[in-house]
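Observations on the three-dimensional arrangement
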Amino acid sequence: MKRSFVNSPYAYSLGMFAMMVPSQAFSSFYIFFYVDTLGLGIGLASLARTVFLIWDALNNPLMGYWSDRTKTRLGRRRPWVFGAIPLFMLTFVLVFSPPEGLSQNGLFMWFMVALILYEAAATVLWVNYGALFPELYRGDRIRAKASAIQQGYQVVALLIGTALTPVIYNAMGFSNMAILYALLFGAFMFLCMMSVREQDVYSTSEPLKLIQAFRETLRNKKFWVFNISNSFAQTVNGLISSTIPFYAKYVLNIPDNQVSILLAAVFVSVIPLVFVWYSIIRRMDGVKAWRLSLFVYGVSVIPLWFGNDLISGILAGICVGFGLAGFLVTPAMVNGSIIDEDAERTGQRREGIYTAVSGFITRSSGLISALAFFVVGMIFGYESGDNPGSNPESTFRYLISIVPLCLLAISFLFSFAAKIEFSKNMRGGGHDTGSKTHHQL
């Protein structure tokens, strides 16, 4: 493998592409598949999602702690990822391959068990892959550029995982769609990990003990404000993704073959907008750029309320794409600075536990999404595809616009709950603190 490709953002970003194709297909269509296609009751679906989110929140911190303490010749993160690749492939297929003829209770049990197994494998991947970013790329400007490249890959994956997925499952079924995406994931994730080299200096230092590691992490006020604020915006990402198929069906009243056009319009627009955001924020302080993206994201969901056909849906989707693009690029800059500051204070690089606890906070807030889906559905009488109630349009108009607007308003306001700033040296300012790891930037 060419030296110039090893640890380049293009090589590292292959992992984002690999994980986001199945992950986006999962987040966008698993509820639609079980509730609207298979007829699982919304109450049972919400209960399974709640168990899934609690389990996801609880296992993240332990995975991060174990990752930070791993010492092998391959590094701290890569062995975990290599081991999780086949497990993720298998569990993803299981989610979309329930046996035929199951009762409501049987379908519920399959759904919940498949979610738990899938989430465990996904946690191993996301914690260890995410922990590599602040180690490989150091400084605001470098991280902004690496994040923009990574998000460019991610948006292509989002486009495949959303816009192309309805075409595929309509042609070959959900189970075969899952097999196809699992194979795609395996190939690109393996290539990514073969192209990444961790820095030995971080894996040879003695890690903190469990209690001390969590104490140092949990008492970091900047970390808490950043992640709690961020978690509300992350919840919006999942809520909008999972609501779009319902929004297309019940609000825009467009046929299934046009859903892909709507999704493509949203995510194709994000690709150039990611780099528009990069040009906006490259000379800004990372924290100011992050707060600006939260504000813009909040404003961008308002037009979704006024959608009533394919054209208006596309225009509203492009607006959302602009807000989403900013939020995809900016958090990595702040998160990296928080981890750098912690490393200066403790003498340890603890990307794993910080990434994992961030995941814990984000996944915990996902309970809000599940609760919103359940409560708004009950208010307007939506139970399932077999019994959508008398006003499914209002159900999904509120879920895709009003609820996200409220969550993003909370996110933006909470971002000011603490003074988050870093020294010029901490932000990097383009200074090369790890030249061997990002020479292609």
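For the structure itself, look to the data block above.
The sections below set out a description of the structure shown in this document. (Residues numbered from 1 in each chain as written. Predicted model: local features only at pLDDT ≥ 70, side-chain atom pairs only at ≥ 80, totals over all residues. Heavy atoms only, no water.)

Focus on the overall build of the chain
The secondary structure content of the chain amounts to 16 helices and 0 strands. With 441 residues in all, the chain has 60% of them scored as buried. Intrachain contacts of the chain at a sequence separation of at least 6 include 86% that bridge at least 24 residues. Entry remark: accessible area of the chain is about 17,000 Å², with carbon and sulfur atoms responsible for 66%. (Helix = DSSP H or I, 4+ residues; strand = E, 2+ residues; numbered from the N terminus. Buried < 20%, exposed > 50% of the residue type's maximum accessible area, 1.4 Å probe, protein only. Contact = heavy atoms within 4.5 Å. Areas by Shrake-Rupley, 256 points an atom, 1.4 Å probe, with all protein chains shown as cover.)

Focus on the packing of aromatic side chains
Under the criterion given, the structure shown has 34 aromatic pairs. Ring centres 5.6 Å apart and planes at 45° place the aromatic pair Phe 33 and Phe 96 in the tilted group. Here the residue Phe 33 occupies a position in helix H1 (residues 9-37), and Phe 96 occupies one in the loop between helix H3 (78-95) and helix H4 (104-136), the gap between them amounting to 63 residues. Residue Phe 96 is classed as buried on the basis of its relative accessible area, which comes to 2%. The side chain of Arg 291 reaches across the aromatic face of Phe 416, ending 4.4 Å from its centre. We note Arg 397 situated over the ring of Trp 305; from NZ or CZ to the ring centre the distance is 5.9 Å. (Phe/Tyr/Trp six-rings, centres within 6.5 Å; stacked < 30°, edge-to-face > 60°. Lys NZ or Arg CZ within 6 Å of the ring centre and 35° of its normal.)

Quick word on the packing of helix H9 (residues 221-251) against helix H12 (residues 310-329)
Contact pair H9 / H12: the axes reach a minimum separation of 12 Å and the direction vectors enclose 135°. Judged by the inter-axis angle, H9 sits oblique to H12. In terms of crossing hand, the pair formed by H9 and H12 is left-handed. Contacts from Asn 230, Ala 233, Gln 234, Asn 237 and Ile 240 of H9 reach H12 at Val 320, Leu 324 and Phe 327. Of the residues in the contact of H9 with H12, the class split is 5 nonpolar, 3 polar and no charged. (Axes fitted to C-alpha atoms, helices over the stretch in contact; angles between N-to-C directions. Parallel < 35°, antiparallel > 145°, perpendicular 65-115°, else oblique. Left-handed = near helix turned anticlockwise from the far one by under 90°. Nonpolar A, V, L, I, M, F, W, Y, C, P; charged D, E, K, R; others polar.)

Some thoughts on the side chain of Thr 235
Counting through the fold element by element, Thr 235 comes out in helix H9. For Thr 235, the side chain forms a polar contact with the main-chain oxygen of Ser 231, separated by 2.8 Å. (Polar contact = N/O pair within 3.5 Å; in protein donor to acceptor, adjacent residues only side chain to side chain.)

Let's talk about the packing of helix H11 (residues 286-300) against H12
Two elements in contact, H11 and H12, have axes separated by 8 Å at closest approach and are oriented at 165°. When the interaxial angle is binned, H11 and H12 end up roughly antiparallel. The crossing of H11 and H12 is left-handed. Side by side, H11 and H12 meet where Trp 290, Ser 293, Leu 294, Val 296, Tyr 297 and Ser 300 of the first sit next to Ala 316, Cys 319, Val 320, Phe 322, Gly 323, Leu 324, Gly 326 and Phe 327 of the second. Residue composition of the contact of H11 with H12, by class: 10 nonpolar, 4 polar and no charged.

Points about the environment of Lys 221
Its place among the elements puts Lys 221 in helix H9. What makes Lys 221 exposed here is its relative accessible area of 57%. When the C-alpha positions of Lys 221 and Ile 420 are compared, they lie 8.9 Å apart, and in sequence the two are 199 residues distant. Setting aside chain neighbours within four positions, we find Lys 221 in contact with Ala 417 and Ala 418.

Some words on the pattern of salt bridges
As enumerated under the stated definition, the model contains 2 salt bridges in all. Two residues, Arg 397 and Glu 393, come together in a salt bridge whose shortest N-O distance is 2.6 Å. Of this pair, Arg 397 and Glu 393 both sit in helix H15 (residues 392-414), 4 residues apart, which is roughly one turn of that helix. Judged by relative accessible area, which is 32%, Glu 393 ranks as partly exposed. (Salt bridge = Lys/Arg side-chain N within 4 Å of Asp/Glu carboxyl O.)

Here we look at the environment of Ile 302
Residue position: Ile 302 is located in the loop between H11 and H12. When neighbours within four sequence positions are excluded, Ile 302 is seen to be in contact with Ser 401 and Leu 405.

Quick look at the nonpolar core
Nonpolar side chains in soluble globular proteins tend to be buried together. Counting residues in hydrophobic clusters, the biggest one holds 135 residues, and the most contacted among them are Phe 26, Phe 92, Phe 96, Phe 111, Met 189 and Tyr 297. Element by element, the count of residues in this core is highest for H1, at 17 residues. With residues near it in sequence (within four places) discarded, Phe 111 still touches Tyr 30, Ile 31, Tyr 34, Leu 40, Ala 45 and Ala 48. (Core = buried A, V, L, I, M, F, W, Y, C linked by side-chain atoms within 4.5 Å.)

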